Every structure is written in structure tokens, then in C-alpha cells.
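Each chain is listed here by its residues.
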Amino acid sequence: MQEIEVGKITHYYGHLNVAVIELSDALKIGDNIHIKGHSEDFKQAIDSMQIEHAQVTEARPGESVGIKVTGKVHPQDKVYKVTP
């Protein structure tokens, strides 16, 4: 498996389990990501994604997206796309 850095966490809303990712590469529904930080290290699939509270199926570099996360994250945590 290969991992490509696609962005970093800029915000985390704990009460919603939502992380905001500032993208440096494209991301879409169905992609598997790996979030790695000082105290976090987990993988998950993206099953929903929003930009400005609107559902989207893909996002481009330079955009910020909100996704549901399965674990707690912190700003500056790195986000990688996992490819087979």
C-alpha cells in the first residue's frame, strides 16, 4: 500500500466528530485515509464530505472539507490517502 499526503487538519468539532481538512490533493467519497498526528494514528473510509455545509462527492486541492472521523484529531495532524 502507498500513502500520499493529501492535506492537514485545521479544525476539529468534538461534539460532532467532524474534522476540517485543508486539501493539498484531491479527495473523494470512498477514498481510504490515514490520519496521523502526535497522539492519533488511524485509518478510515470517507463516507460523507461537506464544503460549506453542502454535501459533495469530491474536493480539489486548495479546498477545505468537513468529514466525519472515527477518532479524535488535532489541528496540524497530517492526512494521507491510502492507495492499494
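Structure first, text after, so check above.
Presented here is a report on the structure given in the accompanying data block. (Residues numbered from 1 in each chain as written. Predicted model: local features only at pLDDT ≥ 70, side-chain atom pairs only at ≥ 80, totals over all residues. Heavy atoms only, no water.)

**Details of the environment of Gln44**
Consideration 1: Counting through the fold element by element, Gln44 comes out in strand E5 (residues 41-45).
Consideration 2: Spatially, the C-alpha atoms of Gln44 and Gly71 are 9.3 Å apart, while their sequence positions differ by 27 residues.
Consideration 3: Each residue touching Gln44, except ones within four places of it in the same chain, is listed here: Asp31, Asn32, Ile33, Ile67, Lys68, Val69 and Thr70.
Consideration 4: Reaching out from Gln44, the side chain makes a polar contact with the backbone nitrogen of Thr70 at a distance of 2.8 Å. (Helix = DSSP H or I, 4+ residues; strand = E, 2+ residues; numbered from the N terminus. Contact = heavy atoms within 4.5 Å. Polar contact = N/O pair within 3.5 Å; in protein donor to acceptor, adjacent residues only side chain to side chain.)

**Considerations on the side chain of Lys81**
Consideration 1: Of note, Lys81 is situated in strand E10 (residues 78-83).
Consideration 2: Buried charge without a salt bridge: Lys81, with Asp31 as the nearest opposite-charge side chain at an N-O distance of 4.0 Å.
Consideration 3: At 3.3 Å, the side chain of Lys81 and the backbone oxygen of Ala26 are in polar contact.
Consideration 4: Not counting residues up to four positions away in its chain, the partners in contact with Lys81 are Gln2, Glu3, Ile4, Val6, Ala26, Leu27, Asp31, Asn32 and Ile33. (Buried < 20%, exposed > 50% of the residue type's maximum accessible area, 1.4 Å probe, protein only. Lys, Arg positive; Asp, Glu negative; His and termini not counted. Salt bridge = Lys/Arg side-chain N within 4 Å of Asp/Glu carboxyl O.)

**Remarks on the sheet that holds strand E2 (residues 18-23)**
Consideration 1: The strand order E5-E4-E10-E1-E2-E9-E6-E7 describes an open sheet built from eight strands, whose pairing is antiparallel. Sheet topology places E5 and strand E7 (54-55) at the edges, where each strand pairs with a single neighbour. (Pairing = 2+ DSSP bridges.)

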